[in-house]
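Each chain is listed here by its residues.
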Amino acid sequence: MTEDQIRFEEQIADSVTSFLLALREIAREGNGAQAVSLLLLEISQVLLAGARLGAQTDFTPREEFQPDVGPEADIDELRLRLADMLEGVDAYTFVFDPYVPEVVESRLSDDLASIAIDLENGLRHFRAGDVDEALWWWQFSYVNNWGNLAGAALNALLTVVAHDRFDTDFEENAEAAAVTDEMLEGAPGVQP
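All values reported here derive from a predicted model rather than from experimental measurement.

1. Examining the overall build of the protein chain
Now for step 1: Broken down by element type, the protein chain carries six helices and two strands.
Now for step 2: When contacts within the protein chain are restricted to residue pairs at least 6 apart in sequence, those whose partners lie at least 24 apart make up 72%.
Now for step 3: Here the protein chain has roughly 11,900 Å² of accessible surface; of this, 52% comes from carbon and sulfur atoms.

Set out below in structure tokens:
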């Protein structure tokens, strides 16, 4: 195995670990005002790891069946905390397959929990020393599940940020325009 391959494996594992730790911390803090921006950042970073996996030739596990590395992490509390924190923006819709456009209703909290399960499963293999299985699982689940969910969640979160920054209150603007018009009508030499 080359140094580049070892570095690649470690970088992917580090990205996965970082995402899982950050996701748990964001959920624990419960600060909805900061959560959207932090989740946008964390999802972007883990998607980079996924894209790096997707760009590789297919990884092949050593065994036909996935070795048992113990039970999946219980992420129900994480999912519930995220749902509470993201209450107003949790539900969203997206197109699952742009080539067969069907709108899917989803929840950010459910999708983030599903991503966490996929990533955590590979991490358990990695920590058990079965790097081939970990890489295969992360790549397989990226292409088949978590990559699409992360992309949809990223788009939803970016939309929340865009609405927050660029949406205007048309009633306030209409009132301001009316006041401005009144002021300009009485001003000499100014035409609206």
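Next comes the rest of the description.
2. Re the packing of helix α1 (residues 3-29) against helix α4 (residues 108-127)
Now for step 1: Between α1 and α4, whose axes approach to 10 Å, the crossing angle comes to 135 degrees. The orientation of α1 relative to α4 falls into the category oblique. Remark: the crossing between α1 and α4 carries left-handed chirality. Residues Glu9, Glu10, Ala13, Val16, Thr17, Phe19, Leu20, Leu23 and Arg24 of α1 touch α4, and the partners they reach there are Leu112, Ile115, Ala116, Leu119, Glu120, Leu123, Phe126 and Arg127.
Now for step 2: Its residues assigned to classes, the contact of α1 with α4 shows eleven nonpolar, one polar and five charged.

3. A few points about the side chain of glutamate 120
Now for step 1: Relative to the elements of secondary structure, glutamate 120 occurs in helix α4.
Now for step 2: For glutamate 120, a relative accessible area of 13% translates into the label buried.
Now for step 3: Setting aside residues no more than four positions away along its own chain, glutamate 120 makes contact with Leu20, Arg24, Glu72 and Ala73.

4. Some words on the nonpolar core
Now for step 1: In this structure, Phe19, Leu23, Ile43, Leu112, Ile115, Leu119 and Trp138 are the most contacted members of the largest nonpolar core, which totals 47 residues.
Now for step 2: If you tally residues by element for this core, the top one is helix α5 (residues 131-166), at 14 residues.
Now for step 3: Residues within four places of leucine 119 in sequence aside, it is in contact with Val16, Phe19, Leu20, Val46, Trp138 and Trp146.

5. Some thoughts on the side chain of serine 141
Now for step 1: Positionally, serine 141 belongs in helix α5.
Now for step 2: Residue serine 141 is classed as buried on the basis of its relative accessible area of 3%.
Now for step 3: Apart from the residues within four sequence positions on either side, serine 141 is in contact with Asp118, Trp146 and Gly147.

What counts, and at which threshold
Residues numbered from 1 in each chain as written. Predicted model: local features only at pLDDT ≥ 70, side-chain atom pairs only at ≥ 80, totals over all residues. Heavy atoms only, no water. Helix = DSSP H or I, 4+ residues; strand = E, 2+ residues; numbered from the N terminus. Contact = heavy atoms within 4.5 Å. Areas by Shrake-Rupley, 256 points an atom, 1.4 Å probe, with all protein chains shown as cover. Axes fitted to C-alpha atoms, helices over the stretch in contact; angles between N-to-C directions. Parallel < 35°, antiparallel > 145°, perpendicular 65-115°, else oblique. Left-handed = near helix turned anticlockwise from the far one by under 90°. Nonpolar A, V, L, I, M, F, W, Y, C, P; charged D, E, K, R; others polar. Buried < 20%, exposed > 50% of the residue type's maximum accessible area, 1.4 Å probe, protein only. Core = buried A, V, L, I, M, F, W, Y, C linked by side-chain atoms within 4.5 Å.

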